[in-house]
Amino acid sequence: MRAWDGMDAFVEVVRLGSFSAAARSLDLSTAYVSRAVSALEQRLGTQLLHRTTRKLRLTDAGRLYYEHARHLLEGFDAAEQAIVDFQDGLRGNLRISLATTYGERYVAPLVNEFLVQHPQLGVDMDFSNRNVDLIEEGYDLTVRTGLLADSNLIARRLGERRLFVVASPDYLAEHPAPATPDELDGHTLLLGTAPHWIFAEHGQPRQRTVRGRYRASSGQALLDAVQRGLGVAQLPDFYVEQALAEGGLVSLLDPWRYEHGAVWLVYPQSRHLSPKVRQLADFLVERLQTPPWRQTTV
């Protein structure tokens, strides 16, 4: 018996939650899958699964073995797929969700460059600032900004993203600059899609709920409004750094600025992650580590 006999059957049973579902996935009979897992347990000398008529439950040994076995099988799949890709090139279609302005300016050109290198690939890019459900909506990957909620998705850091609270010199000529985030309550706030602004407190991010009479789902519209003296806004660095350098905007509340925000590339965690998704992810991570808006000004 080979060391890996029964391993793939066991991993599929755990992943899918039943012997019958694993059998369909592997194109085998349920009886064969059951015998394979039993033989594996016998060879290892320990029980991996508690079986009842209604459900399966991992033993402590089974949980430990599953984590190691899953990674081993992922490595086997990746090795074989790498040879297929090397011989045939990447093909198929990619569905990508991108944060609107950041995606349009910085990610889409790189996706286009990737497609030039792989002419058998197609792409469907959707530009939206909403948090899409990758699994339910069928996206291969997404680019998100800001703080991420815990999930079972894989998140890889693309680069930094700092948020600046800004106002125009004309606005500040008529309104005293806030000295603390609490003093924002006395100002006209220009809001984006987020219901809160992010500040730093002892190095950790803290969210502050904000309200105002102006709201826009476009960062460019917010930038124009703040430049016209309509109020105070919090905007990402790629919108405001040039205007700050030229004196068209003034940065406020710098001691409370959270410096550790990021842009994230997010995709589903899967044993069978497509090579086209993996290679595009590696390509974007490599090219976006240095903020692109600074690359153009060096």
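Here the structure is a predicted model, which is why all the values come from computation and not from measurement.

**A word on the side chain of Arg161**
No. 1: Note on placement: Arg161 falls in the loop between strand E6 (154–160) and strand E7 (163–167).
No. 2: The residues contacting Arg161, other than those within four sequence positions of it, are Thr145, Gly146, Pro236, Asp237, Gly261, Ala262 and Val263.

**What to know about the sheet that holds strand E8 (residues 189–191)**
No. 1: Ordered in space as E11-E8-E12-E7-E13, the five strands form an open sheet in which the pairing is mixed. Each end of this open sheet is capped by a strand with a single partner; those strands are strand E11 (214–215) and strand E13 (250–252).
No. 2: Sheet strands in contact with helix H8 (residues 219–227) are E7, E8, E11 and strand E12 (232–236), and its direction is about 140° off that of E12.
No. 3: Running over the sheet, helix H9 (residues 237–246) touches E7, E12 and E13 and is turned about 115° from E12.

**Remarks on the confidence of the model for the protein chain**
No. 1: Taken residue by residue, the protein chain gives an average pLDDT of 86. The fraction at 70 or more is 90%.
No. 2: The least confident element of the protein chain, judged by mean pLDDT, is helix H11 (residues 292–295) at 67; the most confident is E13 at 97.

**A few points about the pairing of strand E3 (residues 92–98)**
No. 1: Here E3 pairs with strand E4 (residues 121–127) via seven bridges, running parallel. When the sheet's bridge partners are listed, Arg95 is paired in E4 with Asp124.
No. 2: Crossover connection from E3 via helix H5 (residues 100–117) to parallel E4: handedness right-handed.
No. 3: Both E3 and strand E5 (residues 141–145) contribute to a ladder of three bridges, which runs parallel. Within E5, the residue paired with Ser97 across the bridge is Thr142.

**Brief notes about the sheet that holds E3**
No. 1: A sheet is described by the order of its strands in space; here five strands give the open sequence E4-E3-E5-E14-E6, paired in mixed fashion. A single partner strand is all that each edge strand has here, and the edge strands are E4 and E6. Ignoring strand direction, the axes of neighbouring strands in this sheet form an average angle of 20°.
No. 2: The sheet strands contacting H5 are E3, E4, E5 and strand E14 (262–267), and the helix crosses E4 at an angle near 180°.

**What to know about empty space enclosed by the protein**
No. 1: One pass over the full model with this rule turns up two cavities of 30 Å³ or more.
No. 2: As a volume, the second largest cavity reaches approximately 40 Å³.
No. 3: Elements represented by at least two residues in the lining of the second largest cavity include exactly E7, strand E9 (196–201) and E13.
No. 4: The element contributing the most residues to the lining of the second largest cavity is E7, with three residues.
No. 5: Looking at the lining of the second largest cavity residue by residue, the class counts come to eight nonpolar, two polar and two charged.

Conventions used here
- Residues numbered from 1 in each chain as written.
- Predicted model: local features only at pLDDT ≥ 70, side-chain atom pairs only at ≥ 80, totals over all residues.
- Heavy atoms only, no water.
- Helix = DSSP H or I, 4+ residues; strand = E, 2+ residues; numbered from the N terminus.
- Contact = heavy atoms within 4.5 Å.
- Pairing = 2+ DSSP bridges.
- Axes fitted to C-alpha atoms, helices over the stretch in contact; angles between N-to-C directions.
- pLDDT = per-residue confidence, 0-100.
- Right-handed = clockwise from strand over helix to strand, strands pointing away.
- 1 Å grid on protein atoms, 1.4 Å probe; cavity = no way out; pocket = protein on both sides within 12 Å on 5 of 7 lines; lining within 4 Å.
- Points joined across faces, edges and corners; volume = space filled by probe spheres on them.
- Nonpolar A, V, L, I, M, F, W, Y, C, P; charged D, E, K, R; others polar.

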